[in-house]
Amino acid sequence: MKAHTLGKILTVIKGTIIQGNSDILIKDVARYYEHIEQPNTLLFLVQHRNIDFKRIAQYCPCAVVVDREVKELKKISGCIVIRVSDIDDAYDAFIHFYRQLFDIPVVAVTGTSGKTTTKDMIKHILSTWYKVEGTVRSANGNPRNLIYLLRIDDSIQAAVYESAVGAPGDITYTCSHFLPNIGIITNIGIDHLERCKTLQGYINAKAEMVSVIPEGGTLILNADDEKIKTIDTSKCKGNIIYFGIDTPCLFQASNITYGNNGMNFTLTLNKMKYQIFVPGYGKHQVYNALADLAATHEMGIGITQAAQALSSFKLLMNHCEIKKGLNQATIIDDTWNINTASLKAAMNTLCELNQQHKKVALIGHIKQLGEHSADYHKEVGKMIAKFNIDYLITIGDLANNIATECSLNGFHGKVFQFEQTEGVYELLSDILNEETTLLIKCSMFDYDIKELTEQIIKG
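Worth saying up front: this structure is predicted, and the values here are computed from it rather than measured. (Residues numbered from 1 in each chain as written. Predicted model: local features only at pLDDT ≥ 70, side-chain atom pairs only at ≥ 80, totals over all residues. Heavy atoms only, no water.)

## Points about the overall build of the chain
- A count of helices and strands for the chain gives 16 helices and 22 strands.
- Relative to a compact globule of 459 residues, whose C-alpha radius of gyration would be 23 Å, the chain shows 25 Å and is just as compact.
- The principal-axis extents of the C-alpha atoms in the chain amount to approximately 75 × 55 × 40 Å.
- Within the chain, the proportion of its 459 residues that are buried is 56%.
- Carbon together with sulfur atoms contributes 46% to the accessible area of the chain, which is approximately 20,100 Å² in total.
- Counting 45 positive and 50 negative side-chain charges, the chain places the centres of these two groups 4 Å from one another. (Helix = DSSP H or I, 4+ residues; strand = E, 2+ residues; numbered from the N terminus. Rg over C-alpha atoms; globule rule 2.2 N^0.38 Å. Buried < 20%, exposed > 50% of the residue type's maximum accessible area, 1.4 Å probe, protein only. Areas by Shrake-Rupley, 256 points an atom, 1.4 Å probe, with all protein chains shown as cover. Lys, Arg positive; Asp, Glu negative; His and termini not counted. Charge placed at Lys NZ, Arg CZ, Asp CG, Glu CD.)

## Re helix α10 (residues 283-298)
- Taking 1.5 Å of rise per residue, 16 residues should cover 22 Å, and α10 covers 23 Å from first to last C-alpha, within 8% of that figure.
- Burial within α10 is extensive, with twelve of its 16 residues counted as buried.
- The complete set of buried residues in α10 reads Gln 285, Val 286, Tyr 287, Asn 288, Ala 289, Leu 290, Ala 291, Asp 292, Leu 293, Ala 294, Ala 295 and Thr 296. (Expected span 1.5 Å × (residues − 1).)

## Focus on the UniProt feature "domain: Mur ligase central" (unreviewed entry) in the chain
- Here the UniProt-annotated "domain: Mur ligase central" (unreviewed entry) positions come out as residues 109-295.
- The distance from the first to the last C-alpha atom of residues 109-295 is 10 Å, and the span holds 30% helix and 26% strand. (UniProt positions renumbered as here; feature names shortened; annotations may be inferred.)

## Structural notes on the packing of aromatic side chains
- According to the stated counting rule, one finds nine aromatic pairs in the structure shown.
- The structure contains a cluster of three or more aromatic residues connected by ring pairs, namely Phe 44, Tyr 91, Phe 94, Phe 97, Tyr 98 and Phe 102.
- We note Arg 31 situated over the ring of Tyr 91; from NZ or CZ to the ring centre the distance is 4.2 Å. (Phe/Tyr/Trp six-rings, centres within 6.5 Å; stacked < 30°, edge-to-face > 60°. Lys NZ or Arg CZ within 6 Å of the ring centre and 35° of its normal.)

## A look at the UniProt feature "domain: Mur ligase C-terminal" (unreviewed entry) in the chain
- Sites flagged by UniProt as "domain: Mur ligase C-terminal" (unreviewed entry) map to residues 321-442.
- Secondary structure within residues 321-442 divides into 38% helix and 25% strand; the distance between the first and last C-alpha atoms comes to 14 Å.

## Details of the packing of helix α15 (residues 424-431) against helix α16 (residues 447-458)
- Where α15 contacts α16, the axes come no closer than 11 Å and their chain directions differ by 35 degrees. The element α15 and its partner α16 pack so that their crossing is right-handed. Residues Val 424, Tyr 425 and Leu 428 of α15 touch α16, and the partners they reach there are Leu 452, Gln 455 and Ile 456.
- For the contact of α15 with α16, a count of residues per class yields five nonpolar, one polar and no charged. (Axes fitted to C-alpha atoms, helices over the stretch in contact; angles between N-to-C directions. Left-handed = near helix turned anticlockwise from the far one by under 90°. Contact = heavy atoms within 4.5 Å. Nonpolar A, V, L, I, M, F, W, Y, C, P; charged D, E, K, R; others polar.)

## What about the pattern of salt bridges?
- Taken as a whole and judged by the stated rule, the model has eleven salt bridges.
- Between Asp 88 and Arg 31 there is a salt bridge, with the nearest N and O atoms lying 3.5 Å from each other. Taken together, the residues Asp 88 in helix α3 (residues 87-99) and Arg 31 in the loop between β4 (28-30) and β5 (41-44) connect sequence positions 57 residues apart.
- For Arg 31, a relative accessible area of 15% gives the class buried.
- Note that Asp 334 is salt-bridged to Lys 441, the shortest N-O span being 2.7 Å. (Salt bridge = Lys/Arg side-chain N within 4 Å of Asp/Glu carboxyl O.)

## Section: the sheet that holds strand β9 (residues 132-134)
- What the nine strands build is an open sheet, ordered β9-β10-β8-β11-β12-β13-β14-β15-β16; its pairing is mixed. Each of the sheet's edge strands pairs with one partner strand only, and the pair in question is β9 and β16 (272-279). Strand-to-strand, the axes of this sheet are offset by a mean angle of 20 degrees, without reference to chain direction.
- Sheet analysis places strand β14 (residues 251-258) next to strand β15 (residues 262-269), joined by five bridges and oriented antiparallel. Note on β15: the bridge partner recorded for Gln 252 is Thr 268. (Pairing = 2+ DSSP bridges.)

## Observations concerning unusual backbone geometry
- Of note, the bond from Cys 60 into Pro 61 is cis; its omega dihedral lies within 30 degrees of zero at 10 degrees.
- In this fold, Pro 61 is placed in the loop between α2 (53-58) and β6 (62-66).
- The phi angle at Asn 50 is positive, at roughly 55 degrees, despite the residue not being glycine.
- Mapped onto the elements, Asn 50 comes out in the loop between β5 and α2.
- Here Asn 50 falls in the exposed class, since its relative accessible area comes to 69%.

## Some details on α15
- By the burial criterion, the buried members of α15 are Val 424, Leu 427, Leu 428 and Ile 431. With its buried residues spanning 95 degrees around the axis, α15 presents them on a single face.
- Its buried side turned inward, α15 meets β19 (358-363), β20 (391-395), β21 (414-418), β22 (436-441) and α16. (Arc of directions from axis to C-beta.)

## Focus: the environment of Ile 82
- Take Ile 82: it is sitting in strand β7 (residues 79-83).
- C-alpha separation for the pair Ile 82 and Asn 21, spaced 61 residues apart in sequence, amounts to 9.5 Å.

## Some details on the sheet that holds β19
- Taken together, six strands build an open sheet; the order of strands is β17-β18-β22-β19-β20-β21 and the sheet is mixed. At either end of the open sheet lies a strand with only one pairing partner, and these are β17 (321-324) and β21. Here the average twist between neighbouring strands, direction ignored, is 20 degrees.
- Two strands pair when backbone bridges link them, and strand β18 (residues 330-334) and β22 are joined in this way by five bridges, in the parallel orientation. By the bridge assignment for β22, Asp 333 is matched with Ile 440.

What follows is the structure, encoded as structure tokens:
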């Protein structure tokens, strides 16, 4: 964080000191007491109960902002107490003040799948020339926004953040902190319906990216995605550019082939052609690369230079990782998470990689699909029935809806349904050999399937 005197911050948040004095330099800011990690921290005490005041005392001198009386603070030596009329308004005022201190390019990435990879690829490319900040792995929840924002100081030259959607308003809220001038929607599948309620509600939540891009900014969209095509972009104040494979657009990929540990393709941009390699297997990696190249191009980095930097990107753990496992079979470890979009991408990779191999898909259930979860799992079953694979193995009640519906829709492979992981390893021991490719796809919270995956890879 760029340090500021408490006196300066008081004018920003319109606060009055009711205990202590303003002779302190603020070196960090926290919204939750759990996030205090050093003295000279300014804490916006939004919590009303279960507060660990001993932790606050441990890091004094510090300053605490309140909009109510908190008697326990009076007992803490070195604790400065600041009263404001509304703590949320004061917090927002500080956020706005701090972000406005820095005139740097900021990219916000959202999408049902691919946003973490896309974000990390952009960070990787930019880091060749700039000092870059951004979301760590996929830790993209709103409580982390302040922590990430405060990592920007005078040394940071660019930032890249994920804008996840758990509920309507999330993108608007996140982007009000980071003020991106470039926004990306990688794709839209079916996810997070518990709070978005309906598929249209989820699409609308993703579409908030349209209205947060300022004049002079850029919105980057997947031209091939059917749900993105339904978004009304008329309210976008910035420029809109598209990337894709099948639909004519500015950043167009063609001649896609599987290469050595990644994908080769031709990028056509303004009638110029570039040969691109992106690490990682699957057409979805091509889409990720197109979004990356579009974003970095908007930031002034030439395609040739960006492509060279992209070629050294290290794949993320459990994101379509190719490994050897049980009986020398090829394992596609895609156990980082599961939703409809990422599952379809993984199924395409299973069918296109090692095309002469026997193909097996092991699938867990998809979380956060709301009250119609069973119906959406059945729709997934219909989708999988269209793929030419030899075995489908599902684990869990909801995932078994996938298997049942798959069988009812003309699937020609063999189907096995399990309530739990018990017995799956023994089945795979009979199925897998060196001429077999196994895809494992599950939620990041399916710990039993993750443990089974480790056993399969160890062989």
